[in-house]
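A structural walkthrough
So you can see what is in the structure, the chains are spelled out below.
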Amino acid sequence: MKKKSYNVNRSLLACRLSVNIQIEELTLEQKIRLRQELNKQKQVDARIRKVILIIILVIAAVYAAGCFYYSRHFYGNGAVFGIEMQNQTVEEMKAQIQEKIDGYQLTVVTRDGTETITADQISLKYSDQGEIDDLLEEQSAALWFLMFATVDEDYDVDVEMDEDMLGDVVRSLSCMQEEDMTAPTDAYLDYEDGSFVICAETYGNQLTYEAVYPVIRDSVYEGANEVSLEEQSCYTEPENYQDNEALTAECEQVNRLISVEITYDFGDRTMVVDGSVIAEWIIFGDDYTWELDEGAVADYVYEMAYETDTFGLSRSFTTHSGSVITLKGGDYGWCINQSETTAELLELIEAGESVTTEPVYRYSGICRDTNDIGDSYVEISISEQTMWVYRDGECVVSTPVVTGNSSRGYDTPSGGVWAVDARITDYTLSGQDYNTEVSYWLPFNGNVGIHDATWRSSFGGDIYKTNGSHGCINTPLTAMAVVYENVQIGYPVVVY
């Protein structure tokens with residue numbers, strides 16, 4: 001260790017000797033210039049020390065002045081009754097609060113305009129309870145230099161008002177009158193120009209006392225000059241909006257539903273269930289649900305049956321001679337099975353099937369035109385004792401016949417239209433006083449039908465009056481064979 005210290009001292013001595021030698025080697029002029037530079041540097045250093053000292057003294061003075069000033073003034077960014085506190089004294093704050101109370105008015109901004117509430121209307125007063133003084137005492141004047149870092153804060157003071165009076169004022173505001181309010185409406189689906197569209201919600205201007213009163217009360221206590229009922233969410237708002245994804249999905253679903261077209265074929269006319277009809281059957285429920293109104297569909301089918309059913313109803317008929325008669329009764333015609341047709345129609349709509357179809361029938365005939373007798377039928381005239389058989393508009397049989405014995409009360413049922421119930425060959429007709437074999441049997445009204453009568457040698461004329469049948473249509477065998485060949489089950493039989 002001693003050896004190392006000796007080496008260091010020897011090095012320093014060598015450096016000094018080197019500097020001295022270098023100085024000694026300088027000229028006189030260089031030595032003078034060097035001394036001047038050294039003096040200037042000493043002066044600069046002295047001035048810097050002086051400036052630093054002055055700055056420190058200034059800062060200290062400013063800080064001391066701030067401490068003194070903010071021992072009497074607020075430096076925070078807070079507010080009392082809507083009045084900024086910064087750089088205000090306690091007395092100034094109290095004076096401004098009182099001044100504001102004396103001329104206070106609150107502007108209530110509504111969707112329809114503005115209204116004003118004044119201090120006199122609510123008996124607004126300021127009662128000094130020393131809160132401002134306490135706030136100043138709580139303030140640390142020594143920390144006034146942190147004033148720009150303080151957080152905005154609203155402080156309460158003892159402002160009094162008659163809340164019952166405020167309640168009356170709120171109720172009397174124009175915006176609170178029910179007759180002037182319009183309730184909001186939710187976005188909804190509506191049928192327009194062949195499709196469902198989403199109709200936008202409306203906002204209206206409906207307010208409730210329960211929503212408005214606390215907002216206005218708090219605004220008064222805070223010393224606010226204006227309050228927006230819109231911004232404070234006082235208005236009753238719609239629950240469903242047009243951009244709702246569930247509503248959009250529902251719209252797409254029902255539009256697919258009404259794209260269905262179901263055509264009911266009634267021969268010479270049709271009835272079409274299209275989107276305009278289906279749209280009236282859709283019932284919209286909660287949570288974006290929908291269903292088809294089964295009752296409305298059943299009503300539609302009822303009307304369809306009312307317009308097209310012919311079973312048991314009166315109808316006009318043009319006879320072979322061209323005269324028009326009215327037929328009543330009988331069992332020929334069409335009758336829709338309404339319950340089954342309703343169920344099938346609902347299934348078709350929900351399945352999205354566009355089809356041409358027929359109703360489900362309880363009873364059916366041969367022709368579905370408005371004139372459901374059509375051009376293929378059997379015509380029997382009691383007075384003329386003649387039967388005509390038409391097929392596709394052509395008379396294929398015209399033959400005399402013998403109908404029921406009127407003298408014995410066996411009159412053939414007449415004045416209506418019946419349907420052929422069966423086609424039977426080699427049949428035995430049985431009754432109370434007869435048991436007869438026939439080759440062809442076409443019943444159309446219970447035990448009354450058309451058959452051959454080989455036991456008769458003549459037909460037509462007045463035979464039926466005293467020697468007629470038990471009600472059946474006795475027909476010559478040769479003619480009956482042609483009748484049987486051309487008449488099918490369900491053929492209308494007109495008897496008059």
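Residues numbered from 1 in each chain as written. Predicted model: local features only at pLDDT ≥ 70, side-chain atom pairs only at ≥ 80, totals over all residues. Heavy atoms only, no water.

Things to note about the overall build of the chain
Counting secondary structure elements, the chain contains 13 helices and 28 strands. Computed over C-alpha atoms, the radius of gyration of the chain comes to 56 Å, more than 25% over the 23 Å expected from 2.2 N^0.38 for 496 residues, which places it beyond the range of a compact globule. Dimensions along the principal axes, computed over C-alpha positions, put the chain at roughly 180 × 80 × 45 Å. Every one of the 496 residues in the chain was classed for burial, and the buried ones make up 38%. Partitioning the contacts of the chain with sequence separation of at least 6, the portion at a separation of at least 24 is 66%. For the chain, the exposed surface amounts to about 28200 Å²; the carbon and sulfur share of it is 49%. Positive and negative side-chain charges in the chain, numbering 31 and 85 respectively, have mean positions lying 28 Å apart. (Helix = DSSP H or I, 4+ residues; strand = E, 2+ residues; numbered from the N terminus. Rg over C-alpha atoms; globule rule 2.2 N^0.38 Å. Buried < 20%, exposed > 50% of the residue type's maximum accessible area, 1.4 Å probe, protein only. Contact = heavy atoms within 4.5 Å. Areas by Shrake-Rupley, 256 points an atom, 1.4 Å probe, with all protein chains shown as cover. Lys, Arg positive; Asp, Glu negative; His and termini not counted. Charge placed at Lys NZ, Arg CZ, Asp CG, Glu CD.)

Some remarks on the sheet that holds strand β12 (residues 270-273)
Ordered in space as β12-β11-β18, the three strands form an open sheet in which the pairing is mixed. Of all strands in the sheet, those bounded by a partner on one side alone are β12 and β18 (355-357). Ignoring which end each strand starts from, the neighbouring axes of this sheet average 20° apart. As paired elements, strand β11 (residues 262-265) and β18 share three bridges and run parallel to each other. Looking at β18, one finds that Ile-262 is bridged to Val-355. Helix-sheet contacts for helix α11 (residues 338-351) involve β11, β12 and β18, and the interaxial angle to β11 is about 145°. (Pairing = 2+ DSSP bridges. Axes fitted to C-alpha atoms, helices over the stretch in contact; angles between N-to-C directions.)

Looking at the pairing of strand β15 (residues 315-318)
The alternating pattern of β15 places Arg-315 and Phe-317 on a buried face, while none of Ser-316 and Thr-318, on the opposite face, is buried. Across four bridges, the pairing between β15 and strand β16 (residues 324-327) is antiparallel. Pairing of Arg-315 across the sheet is with Leu-327, part of β16. A loop of five residues connects β15 with β16, the two strands running antiparallel in sequence, and Gly-322 in this loop sits at a positive phi of about 100°.

A word on the packing of helix α6 (residues 163-172) against helix α7 (residues 209-221)
Taken N-terminus to C-terminus, the directions of α6 and α7 make an angle of 125°; their axes are 10 Å apart at the nearest point. Classified by the angle between their axes, α6 and α7 sit oblique to one another. The handedness of the crossing between α6 and α7 comes out as right-handed. Counting all contacts with α6, which are made through Glu-163, Leu-166, Gly-167, Val-170 and Arg-171, the residues of α7 involved are Tyr-209, Val-212, Tyr-213, Ile-216, Arg-217 and Tyr-221. Looking at side-chain class alone, the contact of α6 with α7 contains seven nonpolar, one polar and three charged residues. (Parallel < 35°, antiparallel > 145°, perpendicular 65-115°, else oblique. Left-handed = near helix turned anticlockwise from the far one by under 90°. Nonpolar A, V, L, I, M, F, W, Y, C, P; charged D, E, K, R; others polar.)

Here's the deal with the packing of aromatic side chains
The full count for this structure, using the stated rule, is 18 aromatic pairs. The interplanar angle of 25° and the centroid separation of 5.3 Å between the aromatic rings of Tyr-209 and Tyr-213 together place this pair among those described as stacked. With Tyr-209 and Tyr-213 both in helix α7 and four residues apart, the pair spans about one turn of that helix. When its relative accessible area of 24% is taken as the criterion, Tyr-209 is described as partly exposed. For Tyr-213, a relative accessible area of 11% gives the class buried. An aromatic cluster of at least three residues, connected via ring pairs, comprises Tyr-63, Tyr-69, Tyr-70, Tyr-75, Trp-144 and Phe-145. Cation over ring: Arg-111 sits above Tyr-235, and NZ or CZ is 4.1 Å from the ring centre. In this structure, Arg-423 is placed above the aromatic ring of Tyr-484, and the distance from its NZ or CZ to the ring centre is 4.2 Å. (Phe/Tyr/Trp six-rings, centres within 6.5 Å; stacked < 30°, edge-to-face > 60°. Lys NZ or Arg CZ within 6 Å of the ring centre and 35° of its normal.)

Here we look at a nonpolar patch on the surface
A surface patch of nonpolar side chains, about 330 Å² in accessible area, is lined by Val-44, Ile-48, Ile-52 and Ile-56. In this fold, Ile-56 is placed in helix α2 (residues 28-69). (Patch = residues over 30% accessible without salt bridge, like charges linked within 9 Å, V, L, I, M, F, W, Y side chains within 5 Å. Salt bridge = Lys/Arg side-chain N within 4 Å of Asp/Glu carboxyl O.)

Some thoughts on the confidence of the model for the chain
Put simply, the chain has an average pLDDT of 91, and 95% of its residues get 70 or more. Scored below 50 in pLDDT, residues 1-9 shows zero contacts in the model against residues more than four places distant or in partner chains. (pLDDT = per-residue confidence, 0-100.)

Quick notes on the packing of helix α10 (residues 294-308) against α11
Viewed as axis vectors pointing N to C, α10 and α11 meet at an angle of 125°, and their least axial separation amounts to 9 Å. By the angle class used here, α10 and α11 are oblique. The way α10 lies across α11 gives a crossing that is right-handed. Side by side, α10 and α11 meet where Glu-294, Val-297, Ala-298, Tyr-300, Val-301, Tyr-302, Met-304 and Ala-305 of the first sit next to Gln-338, Thr-341, Thr-342, Leu-345 and Leu-346 of the second. In terms of residue class, the contact of α10 with α11 is built from nine nonpolar, three polar and one charged.

Section: the pairing of strand β8 (residues 188-192)
Sheet topology places β8 next to strand β9 (residues 195-199); five bridges connect them, and they run antiparallel. Looking at the pairing, Tyr-191 lines up with Phe-196 of β9. Counted between consecutive antiparallel strands, the loop separating β8 from β9 contains two residues, among which Asp-193 sits at a positive phi close to 50°.

As for the layout of surface pockets
By volume, the largest pocket is sized at about 280 Å³. Along its surface, the largest pocket is lined by 16 residues, and Leu-429, Tyr-434, His-451, His-470 and Cys-472 are the ones closest to its centre. Of all elements in the fold, only β24 (424-430), β25 (435-445) and β26 (448-452) reach the threshold of two or more residues within the lining of the largest pocket. With three residues, β24 is the largest single contributor of residues to the lining of the largest pocket. In terms of residue class, the lining of the largest pocket is built from seven nonpolar, eight polar and one charged. For the second largest pocket, the calculated volume is near 220 Å³. Around the second largest pocket sit 13 residues that line it, and Gly-76, Met-85, Leu-135, Gln-139 and Tyr-155 are the ones nearest its centre. When the residues that make up the lining of the second largest pocket are grouped by side-chain class, the tally is six nonpolar, five polar and two charged. (1 Å grid on protein atoms, 1.4 Å probe; cavity = no way out; pocket = protein on both sides within 12 Å on 5 of 7 lines; lining within 4 Å. Points joined across faces, edges and corners; volume = space filled by probe spheres on them.)

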